[in-house]
Amino acid sequence: MRNCLTIILAAGEGTRMRSSRPKVLHGIAGKPLIAHVLSAVGEAVGDGDVAAVIGPSAEPVAKAVRAMIPAAEIFTQTERLGTGHAVLAARAALARQPQDVLIVYGDTPLIRPGTLAGLRDSLRNGAAVVVLGFRPPDPTGYGRLITEDGRLLAIREEKDASASERAITLCNAGLMGLKGEVALAILDEITDDNAKREFYLTDAVAIARRKGLTTLARETADPTEVLGVNTQAELAQAESSMQQRLRAQALEAGVSMVAPETVFLCADTKLARDVRIEPYVVFGPGVTVEEGAVIRSFSHIEGARIARGAIVGPFARLRPGAAIGEDAHIGNFVEIKASTIEAGAKANHLSYIGDARVGARANIGAGTITCNYDGAAKYRTDIGSEAFIGSNTCLVAPVKVGDTGYVGSGSVITKDVPAGGLGVGRGRQFTKEGWATRWRERVVASKNKPGSTD
Ligand code: UD1
Ligand code: MG
């Protein structure tokens, strides 16, 4: 296995995002742009070295990188003098002469691991510089790849290109592979002698050729994978492409969706085969759904585990820490947070269950609320197996209902209900025979009095 250093360029200011958040920390599919890039890098190069080049005062970016790859080296590019200059910020890492060097942008979240691996293949086969090419619908703004008989001669930036060079449709996607042994020697020869007075990384191609080294271009078949995010509109476009990819993967894995285009997934959503997802469902981060579970329309689910055969929704909301047991049912307008709903339990209508355990086969009536918060602290509710909670009950935590315990409808339960016992906490009903009839007669009589209005 050849060793590899991947340098991620993320020193851009991202001004066109018009946001206070650093560009590469904006998210798609529930995860920051740079985390998508790091995942692809991780898949392609395993535990190879990673160096990130960030801008000054971009500590949150460094943190995000270290959260995923604790051993990543962070380099700061204090002045933004071009992509060639940015790569040289990682000089200390390059000086160790890894066999392969990959250069990747932090704002291209759709990059595929196989594409990165392809660049390494070219290096292994003797290329000193290999560049990823693509054919965008509109090449304006991109560097053009000047090729001859399949060899890459140079990359010409738009501003420096002649009219005939601008007519070239094969563009530089921004990904590059460099042979580690010669990388620094090449990069150190880059100058800012060009229209933008920047140190262009792309000059590495012509420099390598002057040194008699092999330079190659590889073309990606999927131009969307190199989509760079510079604006909110491009972020939305990247989200849309990523969603398409995630939906296709889910369908491929045996998930049923009649309207996949209405289902929103996260990069980490785990859906087993035979899961059925109805239209208009949104998954936030951290969701696992086991075989045969059904997620019905208009449900919003994050940080939740849904076991085999469970039915969730329509219109359910599962928040972090919701664990729905086998064959349990969570119905419309039910919100569940940090609670375990054990196998076969049912909460089918209009309820809030937070910081609770609901035992196996228990039944939670419509409108049940666990009152888990007293304005200062949170408390737990524990409901035993096969318990029955009547409709419109408030369970004021901390409180327990024992196994097979029963709570009368409309109760405010403030004391534990023992196993097999009954708890009722509500005003007593009184009944008056004939009262309504007498009341109506009185009202009608007063209305018929002379001088009464309407
Ligand atoms: C670059 C390429 C161009 C290619 C295009 C693909 C060069 C000279 N040009 O142009 O051939 O078609 O990308 O999108 O490389 N960055 C830094 N520090 C810098 C400058 C840039 O970290 O000083 C980072 C940016 O944050 C960004 C990446 O490098 O992630 C590319 O920089 P950008 O200014 O967008 O380059 P382009 O002009 O688009
Ligand atoms: Mg750019």
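Refer to the structure presented above.
To keep things clear, this report deals only with the structure shown in the data block. (Residues numbered from 1 in each chain as written. Chains lettered and ligands numbered in written order. Predicted model: local features only at pLDDT ≥ 70, side-chain atom pairs only at ≥ 80, totals over all residues. Heavy atoms only, no water.)

The next thing to look at is the nonpolar core. The biggest cluster of nonpolar side chains holds 55 residues, and the ones touching the most others in it are I277, F283, I306, L318 and I330. If one sorts the elements of this core by residue count, helix α9 (residues 232-252) sits on top with five residues. Counting residues domain by domain, this core receives three or more from each of domain 1 (4-226) and domain 2 (233-423). (Core = buried A, V, L, I, M, F, W, Y, C linked by side-chain atoms within 4.5 Å. Buried < 20%, exposed > 50% of the residue type's maximum accessible area, 1.4 Å probe, protein only. Helix = DSSP H or I, 4+ residues; strand = E, 2+ residues; numbered from the N terminus. Domains from an automatic or database assignment.)

Moving on: the site of ligand 1. G12, Q77, T83, E157 and N172 are the nearest of the 19 residues found near ligand 1. Within the backbone of G12, a nitrogen or oxygen atom sits 2.9 Å from an oxygen atom of ligand 1. The contact in question runs from an oxygen atom of ligand 1 to an N or O atom on the backbone of N172, over 2.6 Å. For ligand 1, the protein covers 85% of the area, taking 750 Å² as the surface of the free molecule. Counting only elements with at least two residues in the shell around ligand 1, the list comes to α3 (83-88) and β10 (171-179). Classifying every residue of the shell around ligand 1 by side-chain character gives eight nonpolar, seven polar and four charged. (Near = heavy atom within 4 Å. Polar contact = N/O pair within 3.5 Å; in protein donor to acceptor, adjacent residues only side chain to side chain. Areas by Shrake-Rupley, 256 points an atom, 1.4 Å probe, with all protein chains shown as cover. Nonpolar A, V, L, I, M, F, W, Y, C, P; charged D, E, K, R; others polar.)

Under the definition given, this model contains 24 salt bridges. Taking the shortest distance from any N to any O, the salt bridge between R276 and E278 comes out at 3.7 Å. Under the relative-accessibility criterion, R276 is labelled partly exposed at 41%. The exposure class assigned to E278 is buried, which follows from its relative accessible area of 16%. Counted as one network, the salt bridges with shared partners bring together R2, D100 and R120. (Salt bridge = Lys/Arg side-chain N within 4 Å of Asp/Glu carboxyl O.)

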